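This is what each chain is made of:
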Amino acid sequence: MTNKVITITSGKGGVGKTTATANIATALAFDGARVVCIDADIGLRNLDVVLGLENRIVYDLVDVVEGRCRLRQAMIRDKRLPNLFLIPAAQTRDKTAVSPSDMVRLIDEVKTECDWVLIDSPAGIERGFRNAIAPANVVVVITNPEISAVRDADRIIGLVEAEEKGPVRLILNRLKPELVKREDMLSPDDILELLAIELIGIVPEDEKVILSTNRGIPIVLDGKSQAGQAFRNIATRLEGQNVPFLDLEDRNGFFSRISRMMRSGGN
Amino acid sequence: MSTFFDRLLGREKRSAKQAKDRLKLVLIHDRIDLNPGTLETLKDELIEVISRHVDIDPGAVHIKMTQDGRQQRLIAEIPINPSGRRRSRKNV
(Lines give C-alpha, C1' and ligand atoms only; values in the text may rest on other atoms or scores of the structure.)
Protein backbone atom coordinates (compact mmCIF):
# COMPACT_ATOMS: atom_id res chain seq x y z
CA MET A 1 0.00 0.00 0.00
CA THR A 2 1.32 3.42 -0.88
CA ASN A 3 1.67 5.92 1.88
CA LYS A 4 0.58 9.36 0.95
CA VAL A 5 0.89 12.48 3.03
CA ILE A 6 -1.42 15.25 1.88
CA THR A 7 -1.37 18.73 3.35
CA ILE A 8 -4.34 21.01 2.86
CA THR A 9 -3.51 24.69 3.07
CA SER A 10 -4.80 28.05 1.80
CA GLY A 11 -3.03 31.13 3.06
CA LYS A 12 -6.27 32.90 3.85
CA GLY A 13 -8.37 31.76 6.77
CA GLY A 14 -11.97 30.62 6.56
CA VAL A 15 -11.91 29.22 3.03
CA GLY A 16 -12.61 25.63 4.08
CA LYS A 17 -9.32 23.88 4.96
CA THR A 18 -10.72 22.06 7.96
CA THR A 19 -13.98 21.12 6.25
CA ALA A 20 -12.03 19.80 3.26
CA THR A 21 -9.61 17.83 5.44
CA ALA A 22 -12.41 16.23 7.46
CA ASN A 23 -14.40 15.34 4.36
CA ILE A 24 -11.58 14.02 2.20
CA ALA A 25 -10.28 11.95 5.13
CA THR A 26 -13.76 10.55 5.76
CA ALA A 27 -14.29 9.77 2.08
CA LEU A 28 -10.92 7.96 1.81
CA ALA A 29 -11.71 5.97 4.98
CA PHE A 30 -15.20 5.22 3.66
CA ASP A 31 -13.53 3.61 0.64
CA GLY A 32 -11.74 1.29 3.06
CA ALA A 33 -8.32 2.89 3.51
CA ARG A 34 -6.71 3.47 6.89
CA VAL A 35 -6.56 7.24 7.32
CA VAL A 36 -5.02 9.47 9.98
CA CYS A 37 -5.86 13.15 9.89
CA ILE A 38 -3.81 15.63 11.83
CA ASP A 39 -4.79 19.07 13.03
CA ALA A 40 -1.64 21.17 12.64
CA ASP A 41 -3.33 24.36 13.79
CA ILE A 42 -1.79 24.41 17.25
CA GLY A 43 -3.60 26.83 19.56
CA LEU A 44 -6.70 27.03 17.36
CA ARG A 45 -7.84 23.44 17.00
CA ASN A 46 -11.03 22.74 15.06
CA LEU A 47 -10.74 19.52 13.13
CA ASP A 48 -11.99 17.68 16.24
CA VAL A 49 -15.33 19.53 16.26
CA VAL A 50 -15.85 19.23 12.51
CA LEU A 51 -15.40 15.45 12.87
CA GLY A 52 -17.55 15.38 16.03
CA LEU A 53 -14.70 13.96 18.14
CA GLU A 54 -14.15 16.84 20.57
CA ASN A 55 -15.28 14.83 23.60
CA ARG A 56 -12.77 12.07 23.10
CA ILE A 57 -9.54 14.03 23.27
CA VAL A 58 -7.04 12.93 25.90
CA TYR A 59 -3.66 13.54 24.26
CA ASP A 60 -2.67 15.81 21.40
CA LEU A 61 0.03 16.35 18.79
CA VAL A 62 2.31 18.28 21.14
CA ASP A 63 2.04 15.49 23.73
CA VAL A 64 3.33 13.02 21.15
CA VAL A 65 6.13 15.33 19.98
CA GLU A 66 7.24 16.01 23.56
CA GLY A 67 7.05 12.35 24.50
CA ARG A 68 4.23 12.51 27.06
CA CYS A 69 2.35 9.74 25.31
CA ARG A 70 2.79 7.16 22.59
CA LEU A 71 1.51 7.90 19.08
CA ARG A 72 -1.28 5.33 19.35
CA GLN A 73 -2.61 6.99 22.51
CA ALA A 74 -3.10 10.29 20.68
CA MET A 75 -4.88 8.70 17.73
CA ILE A 76 -8.62 9.11 18.32
CA ARG A 77 -10.72 6.56 16.51
CA ASP A 78 -13.69 7.98 14.58
CA LYS A 79 -17.20 7.17 15.86
CA ARG A 80 -18.47 5.95 12.52
CA LEU A 81 -15.48 4.62 10.62
CA PRO A 82 -13.12 2.34 12.59
CA ASN A 83 -10.29 2.95 10.09
CA LEU A 84 -10.32 6.76 10.48
CA PHE A 85 -8.25 8.48 13.16
CA LEU A 86 -7.62 12.02 14.35
CA ILE A 87 -4.56 13.45 16.04
CA PRO A 88 -5.83 16.73 17.51
CA ALA A 89 -3.84 19.94 17.88
CA ALA A 90 -2.90 21.21 21.34
CA GLN A 91 -5.20 24.03 22.33
CA THR A 92 -3.15 25.70 25.06
CA ARG A 93 0.16 25.93 23.21
CA ASP A 94 1.26 27.85 20.15
CA LYS A 95 2.82 26.98 16.82
CA THR A 96 6.38 27.30 18.11
CA ALA A 97 5.84 24.20 20.29
CA VAL A 98 6.56 22.12 17.18
CA SER A 99 9.23 22.50 14.48
CA PRO A 100 9.14 21.34 10.84
CA SER A 101 11.65 18.57 11.68
CA ASP A 102 9.45 17.42 14.61
CA MET A 103 6.61 17.13 12.12
CA VAL A 104 8.68 15.15 9.64
CA ARG A 105 9.70 12.73 12.41
CA LEU A 106 6.13 12.42 13.69
CA ILE A 107 4.65 11.80 10.25
CA ASP A 108 7.32 9.20 9.48
CA GLU A 109 5.94 7.24 12.42
CA VAL A 110 2.28 7.94 11.57
CA LYS A 111 2.88 6.64 8.02
CA THR A 112 3.67 3.19 9.40
CA GLU A 113 0.16 3.10 10.89
CA CYS A 114 -1.92 3.94 7.83
CA ASP A 115 -2.40 4.37 4.07
CA TRP A 116 -3.10 8.10 4.07
CA VAL A 117 -2.08 11.00 6.29
CA LEU A 118 -4.05 14.22 5.89
CA ILE A 119 -2.67 17.37 7.49
CA ASP A 120 -4.92 20.36 8.15
CA SER A 121 -2.66 23.41 7.92
CA PRO A 122 -3.27 26.64 9.80
CA ALA A 123 -3.88 29.85 7.85
CA GLY A 124 -0.94 32.16 7.24
CA ILE A 125 2.58 31.67 5.94
CA GLU A 126 4.48 31.37 9.20
CA ARG A 127 5.71 28.52 11.38
CA GLY A 128 2.41 26.61 11.46
CA PHE A 129 2.24 26.54 7.67
CA ARG A 130 5.91 25.48 7.45
CA ASN A 131 5.21 22.68 9.95
CA ALA A 132 2.24 21.50 7.91
CA ILE A 133 4.00 21.32 4.55
CA ALA A 134 7.36 19.94 5.74
CA PRO A 135 6.24 16.27 5.72
CA ALA A 136 3.88 16.52 2.70
CA ASN A 137 4.12 14.44 -0.48
CA VAL A 138 1.22 16.32 -2.01
CA VAL A 139 0.10 19.85 -1.19
CA VAL A 140 -3.49 20.80 -1.89
CA VAL A 141 -4.35 24.49 -1.88
CA ILE A 142 -7.95 25.41 -1.28
CA THR A 143 -9.45 28.74 -2.27
CA ASN A 144 -12.75 30.53 -2.77
CA PRO A 145 -13.78 32.41 -5.91
CA GLU A 146 -12.93 35.83 -4.50
CA ILE A 147 -10.00 38.18 -5.03
CA SER A 148 -8.44 37.99 -1.57
CA ALA A 149 -8.58 34.20 -1.32
CA VAL A 150 -7.14 33.70 -4.82
CA ARG A 151 -4.38 36.21 -4.17
CA ASP A 152 -3.38 34.39 -0.97
CA ALA A 153 -3.59 31.04 -2.77
CA ASP A 154 -1.14 32.36 -5.38
CA ARG A 155 1.29 33.43 -2.68
CA ILE A 156 1.04 30.02 -0.99
CA ILE A 157 1.57 28.20 -4.30
CA GLY A 158 4.75 30.24 -4.82
CA LEU A 159 6.03 29.32 -1.34
CA VAL A 160 5.19 25.63 -1.75
CA GLU A 161 6.97 25.53 -5.11
CA ALA A 162 9.99 27.27 -3.60
CA GLU A 163 10.12 24.48 -0.99
CA GLU A 164 10.06 22.01 -3.89
CA LYS A 165 6.79 20.50 -2.71
CA GLY A 166 5.03 21.06 -6.02
CA PRO A 167 3.13 20.52 -8.21
CA VAL A 168 0.32 21.95 -6.11
CA ARG A 169 -3.30 20.79 -6.65
CA LEU A 170 -6.21 23.19 -6.33
CA ILE A 171 -9.64 22.88 -4.75
CA LEU A 172 -12.08 25.63 -5.56
CA ASN A 173 -14.54 25.77 -2.67
CA ARG A 174 -17.90 27.51 -2.21
CA LEU A 175 -18.57 28.24 -5.85
CA LYS A 176 -21.98 29.71 -6.62
CA PRO A 177 -22.83 28.61 -10.17
CA GLU A 178 -25.71 31.10 -10.48
CA LEU A 179 -23.36 34.00 -9.69
CA VAL A 180 -20.77 32.72 -12.18
CA LYS A 181 -23.47 32.48 -14.81
CA ARG A 182 -24.45 36.09 -14.12
CA GLU A 183 -20.74 36.99 -14.47
CA ASP A 184 -20.65 38.28 -10.93
CA MET A 185 -18.26 35.65 -9.59
CA LEU A 186 -14.81 34.57 -10.79
CA SER A 187 -15.29 31.38 -12.80
CA PRO A 188 -13.19 28.22 -12.42
CA ASP A 189 -11.63 29.05 -15.81
CA ASP A 190 -10.65 32.56 -14.67
CA ILE A 191 -9.02 31.20 -11.53
CA LEU A 192 -7.18 28.38 -13.30
CA GLU A 193 -5.89 30.79 -15.92
CA LEU A 194 -4.44 33.06 -13.21
CA LEU A 195 -3.09 30.40 -10.85
CA ALA A 196 -1.95 27.99 -13.59
CA ILE A 197 -2.08 24.82 -11.47
CA GLU A 198 -3.94 21.53 -11.65
CA LEU A 199 -7.53 21.51 -10.43
CA ILE A 200 -8.68 18.50 -8.40
CA GLY A 201 -12.11 19.65 -7.35
CA ILE A 202 -14.83 22.27 -7.44
CA VAL A 203 -17.11 22.29 -4.42
CA PRO A 204 -20.36 24.22 -4.79
CA GLU A 205 -21.75 26.36 -2.00
CA ASP A 206 -24.12 24.11 -0.07
CA GLU A 207 -25.92 25.08 3.11
CA LYS A 208 -25.95 21.44 4.14
CA VAL A 209 -22.27 21.91 5.00
CA ILE A 210 -23.30 24.22 7.85
CA LEU A 211 -25.77 21.65 9.15
CA SER A 212 -23.21 18.88 8.95
CA THR A 213 -20.66 20.97 10.84
CA ASN A 214 -23.27 21.77 13.49
CA ARG A 215 -23.81 18.06 13.96
CA GLY A 216 -20.17 16.98 13.65
CA ILE A 217 -20.97 14.61 10.78
CA PRO A 218 -18.91 15.19 7.61
CA ILE A 219 -21.01 16.07 4.56
CA VAL A 220 -19.52 13.23 2.49
CA LEU A 221 -21.68 10.88 4.56
CA ASP A 222 -24.78 12.64 3.19
CA GLY A 223 -25.53 10.89 -0.09
CA LYS A 224 -27.74 13.71 -1.36
CA SER A 225 -25.48 16.70 -0.88
CA GLN A 226 -23.74 18.17 -3.92
CA ALA A 227 -20.84 19.40 -1.80
CA GLY A 228 -20.54 15.92 -0.33
CA GLN A 229 -20.39 14.43 -3.81
CA ALA A 230 -17.73 16.98 -4.80
CA PHE A 231 -15.56 16.00 -1.81
CA ARG A 232 -16.03 12.30 -2.57
CA ASN A 233 -14.87 12.99 -6.12
CA ILE A 234 -11.77 14.77 -4.82
CA ALA A 235 -10.93 11.72 -2.68
CA THR A 236 -11.36 9.46 -5.73
CA ARG A 237 -9.07 11.71 -7.79
CA LEU A 238 -6.43 11.58 -5.03
CA GLU A 239 -6.72 7.79 -5.19
CA GLY A 240 -5.62 8.16 -8.80
CA GLN A 241 -8.89 7.64 -10.64
CA ASN A 242 -10.41 9.97 -13.17
CA VAL A 243 -13.86 11.26 -12.32
CA PRO A 244 -15.64 13.85 -14.42
CA PHE A 245 -16.26 17.20 -12.75
CA LEU A 246 -19.78 17.79 -11.42
CA ASP A 247 -22.21 19.55 -13.66
CA LEU A 248 -22.81 22.66 -11.60
CA GLU A 249 -25.62 24.20 -13.55
CA ASP A 250 -27.95 26.42 -11.62
CA ARG A 251 -29.83 23.89 -9.52
CA ASN A 252 -32.20 26.44 -8.11
CA GLY A 253 -33.42 27.60 -11.48
CA PHE A 254 -37.03 26.93 -12.30
CA PHE A 255 -36.42 24.28 -14.95
CA SER A 256 -33.83 22.31 -13.07
CA ARG A 257 -36.15 22.26 -10.04
CA ILE A 258 -38.98 20.94 -12.16
CA SER A 259 -36.81 18.33 -13.82
CA ARG A 260 -35.48 17.16 -10.49
CA MET A 261 -39.03 16.88 -9.14
CA MET A 262 -40.01 14.78 -12.13
CA ARG A 263 -36.98 12.56 -11.78
CA SER A 264 -37.58 11.96 -8.09
CA GLY A 265 -41.25 11.25 -8.69
CA GLY A 266 -42.52 14.54 -7.34
CA ASN A 267 -40.65 14.16 -4.09
CA MET B 1 -23.38 51.27 -8.92
CA SER B 2 -24.31 50.78 -12.49
CA THR B 3 -27.75 51.33 -13.84
CA PHE B 4 -29.63 48.97 -16.05
CA PHE B 5 -28.83 51.19 -19.05
CA ASP B 6 -25.11 51.21 -18.31
CA ARG B 7 -25.16 47.47 -18.50
CA LEU B 8 -27.41 47.40 -21.53
CA LEU B 9 -25.04 49.68 -23.37
CA GLY B 10 -22.05 47.72 -22.16
CA ARG B 11 -20.68 50.76 -20.39
CA GLU B 12 -19.78 48.83 -17.28
CA LYS B 13 -17.92 45.55 -17.02
CA ARG B 14 -19.53 42.78 -15.01
CA SER B 15 -18.00 42.45 -11.55
CA ALA B 16 -16.34 39.11 -12.32
CA LYS B 17 -14.43 40.73 -15.18
CA GLN B 18 -13.36 43.56 -12.89
CA ALA B 19 -12.23 41.06 -10.27
CA LYS B 20 -10.19 39.14 -12.82
CA ASP B 21 -8.51 42.25 -14.22
CA ARG B 22 -7.66 43.57 -10.76
CA LEU B 23 -6.42 40.18 -9.64
CA LYS B 24 -4.23 39.84 -12.71
CA LEU B 25 -2.37 43.04 -11.86
CA VAL B 26 -2.08 42.26 -8.18
CA LEU B 27 -0.63 38.81 -8.91
CA ILE B 28 1.94 40.22 -11.30
CA HIS B 29 3.29 42.56 -8.64
CA ASP B 30 3.06 39.92 -5.88
CA ARG B 31 4.97 37.38 -7.92
CA ILE B 32 7.88 39.56 -8.94
CA ASP B 33 7.87 41.51 -5.69
CA LEU B 34 7.92 44.79 -7.59
CA ASN B 35 5.45 47.56 -6.94
CA PRO B 36 4.02 49.67 -9.78
CA GLY B 37 6.31 52.60 -8.86
CA THR B 38 9.48 50.53 -9.15
CA LEU B 39 8.27 49.15 -12.46
CA GLU B 40 7.94 52.74 -13.73
CA THR B 41 11.49 53.52 -12.60
CA LEU B 42 12.71 50.37 -14.33
CA LYS B 43 11.01 51.50 -17.51
CA ASP B 44 12.60 54.97 -17.37
CA GLU B 45 16.06 53.56 -16.75
CA LEU B 46 15.64 51.06 -19.55
CA ILE B 47 14.74 53.83 -21.97
CA GLU B 48 17.70 55.88 -20.83
CA VAL B 49 20.20 53.04 -21.35
CA ILE B 50 18.87 52.10 -24.75
CA SER B 51 18.72 55.66 -26.03
CA ARG B 52 22.42 56.03 -25.25
CA HIS B 53 23.09 53.67 -28.15
CA VAL B 54 20.15 53.90 -30.50
CA ASP B 55 17.69 56.61 -31.38
CA ILE B 56 14.30 55.78 -29.89
CA ASP B 57 11.10 57.64 -29.27
CA PRO B 58 10.48 57.32 -25.49
CA GLY B 59 6.76 57.86 -26.05
CA ALA B 60 6.49 54.80 -28.26
CA VAL B 61 8.17 52.42 -25.82
CA HIS B 62 5.85 49.74 -24.54
CA ILE B 63 6.87 47.70 -21.51
CA LYS B 64 4.52 45.21 -19.99
CA MET B 65 4.45 42.19 -17.76
CA THR B 66 2.77 39.04 -19.04
CA GLN B 67 1.98 35.69 -17.52
CA ASP B 68 3.10 32.42 -19.00
CA GLY B 69 1.84 29.67 -16.73
CA ARG B 70 3.25 30.55 -13.33
CA GLN B 71 6.12 32.50 -14.89
CA GLN B 72 6.16 36.22 -15.33
CA ARG B 73 7.70 37.72 -18.42
CA LEU B 74 8.78 41.31 -18.98
CA ILE B 75 8.06 42.28 -22.56
CA ALA B 76 9.54 45.44 -24.00
CA GLU B 77 8.57 46.79 -27.36
CA ILE B 78 10.99 49.50 -28.42
CA PRO B 79 10.58 50.91 -31.93
CA ILE B 80 13.89 52.25 -33.18
CA ASN B 81 13.98 55.38 -35.32
CA PRO B 82 15.54 54.94 -38.78
CA SER B 83 19.23 55.84 -38.76
CA GLY B 84 18.72 58.42 -41.56
CA ARG B 85 16.55 60.52 -39.34
CA ARG B 86 19.03 60.25 -36.56
CA ARG B 87 21.81 61.61 -38.71
CA SER B 88 19.74 64.42 -40.09
CA ARG B 89 18.68 65.42 -36.62
CA LYS B 90 22.31 65.59 -35.56
CA ASN B 91 23.08 67.87 -38.49
CA VAL B 92 20.45 70.36 -37.50
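Only a predicted model underlies this, so the values are computations on that prediction, with no experimental measurement involved.

### Observations regarding the overall build of chain B
Next up, step 1: Along the backbone of chain B there are four helices and two strands.
Next up, step 2: Of the regular secondary structure in chain B, the N- to C-terminal order runs α-α-α-β-β-α.

### Quick word on the confidence of the model for chain B
All names here are of chain B.
Next up, step 1: Looking at chain B, pLDDT values average 80 and 78% of them are 70 or higher.
Next up, step 2: For chain B, per-element mean pLDDT is lowest for helix H4 (residues 83-91), which scores 53, and highest for helix H2 (residues 15-32), which scores 92.
Next up, step 3: Of the regions scoring below 50 in pLDDT, residues 87-92 engages in zero contacts with residues more than four places distant in sequence or in other chains.
Next up, step 4: In the predicted complex, the global pTM is 0.86; the interface-specific ipTM is 0.83.

### Description of the environment of Glu126(A)
Next up, step 1: Note on placement: Glu126(A) falls in the loop between strand E5 (116-120) and helix H6 (127-133).
Next up, step 2: For the pair Glu126(A) and Gln226(A), spaced 100 residues apart in sequence, the C-alpha to C-alpha distance is 34 Å.

### Quick notes on the pairing of strand E1 (residues 62-68) of chain B
Next up, step 1: Summarising burial for E1(B): zero of the seven residues are buried, a small minority.
Next up, step 2: Hairpin connection between E1(B) and strand E2 (residues 71-77) of chain B: a loop of two residues separates the two successive antiparallel strands, and Gly69(B) in this loop has a positive phi of roughly 65 degrees.

### Observations regarding the interface of chain A and chain B
The accessible area lost on association of the parts is a frequent measure of interface size.
Next up, step 1: Each side of the interface is counted separately: chain A has 14 residues, and chain B has 15 residues.
Next up, step 2: Elements with a contribution of two residues or more to the side of chain A that touches chain B: helix H7 (147-162) and helix H9 (188-195) of chain A.
Next up, step 3: Per element, the largest residue contribution to the side of chain A that touches chain B is six residues, and it comes from H7(A).
Next up, step 4: Considering only residue class, the side of chain A that touches chain B consists of six nonpolar, two polar and six charged.

### A short note on the nonpolar core
Next up, step 1: Among the nonpolar cores identified, the biggest contains 82 residues, and Ile24(A), Val35(A), Leu61(A), Val117(A), Leu118(A) and Phe231(A) are the most heavily contacted of them.
Next up, step 2: Excluding its chain neighbours within four sequence positions, the residues that come into contact with Ile24(A) are Leu118(A), Phe231(A), Ile234(A), Ala235(A) and Leu238(A).

### As for helix H3 (residues 36-53) of chain B
Next up, step 1: The first and last C-alpha atoms of H3(B) sit 27 Å apart over 18 residues, in line with the 26 Å expected at 1.5 Å per residue.
Next up, step 2: The buried fraction of H3(B) amounts to zero of the 18 residues, a small share that puts the element mostly on the outside.

### Concerning the packing of helix H1 (residues 17-30) of chain A against helix H11 (residues 226-238) of chain A
Residues and elements named next belong to chain A.
Next up, step 1: At a minimum axis separation of 8 Å, H1 and H11 run at an interaxial angle of 65 degrees. Every pair of crossing elements has a handedness; the one defined by H1 and H11 is right-handed. Residues Ala-20, Asn-23, Ile-24, Ala-27 and Leu-28 of H1 lie in contact with H11, whose contacting residues are Phe-231, Arg-232, Ile-234, Ala-235 and Leu-238.
Next up, step 2: Residue composition of the contact of H1 with H11, by class: eight nonpolar, one polar and one charged.

### A word on the environment of Leu86(A)
All names here are of chain A.
Next up, step 1: With respect to the helices, strands and loops of the structure, Leu-86 is situated in strand E4 (residues 84-87).
Next up, step 2: Of the residues examined, Leu-86 has 28 C-beta atoms within 10 Å and is grouped as buried.
Next up, step 3: Along the sequence, Leu-86 and Phe-30 sit 56 residues apart, while their C-alpha atoms lie 15 Å from each other.
Next up, step 4: Aside from chain neighbours lying at most four places away, what touches Leu-86 is Cys-37, Leu-47, Asp-48, Leu-51, Leu-53 and Ile-76.

What counts, and where the lines are drawn
- Residues numbered from 1 in each chain as written.
- Chains lettered and ligands numbered in written order.
- Predicted model: local features only at pLDDT ≥ 70, side-chain atom pairs only at ≥ 80, totals over all residues.
- Helix = DSSP H or I, 4+ residues; strand = E, 2+ residues; numbered from the N terminus.
- pLDDT = per-residue confidence, 0-100.
- Contact = placed C-beta atoms within 7 Å.
- Buried ≥ 20, exposed ≤ 12 C-beta atoms within 10 Å, placed from the backbone.
- Pairing = 2+ DSSP bridges.
- Nonpolar A, V, L, I, M, F, W, Y, C, P; charged D, E, K, R; others polar.
- Core = buried A, V, L, I, M, F, W, Y, C linked by C-beta atoms within 7 Å.
- Expected span 1.5 Å × (residues − 1).
- Axes fitted to C-alpha atoms, helices over the stretch in contact; angles between N-to-C directions.
- Left-handed = near helix turned anticlockwise from the far one by under 90°.

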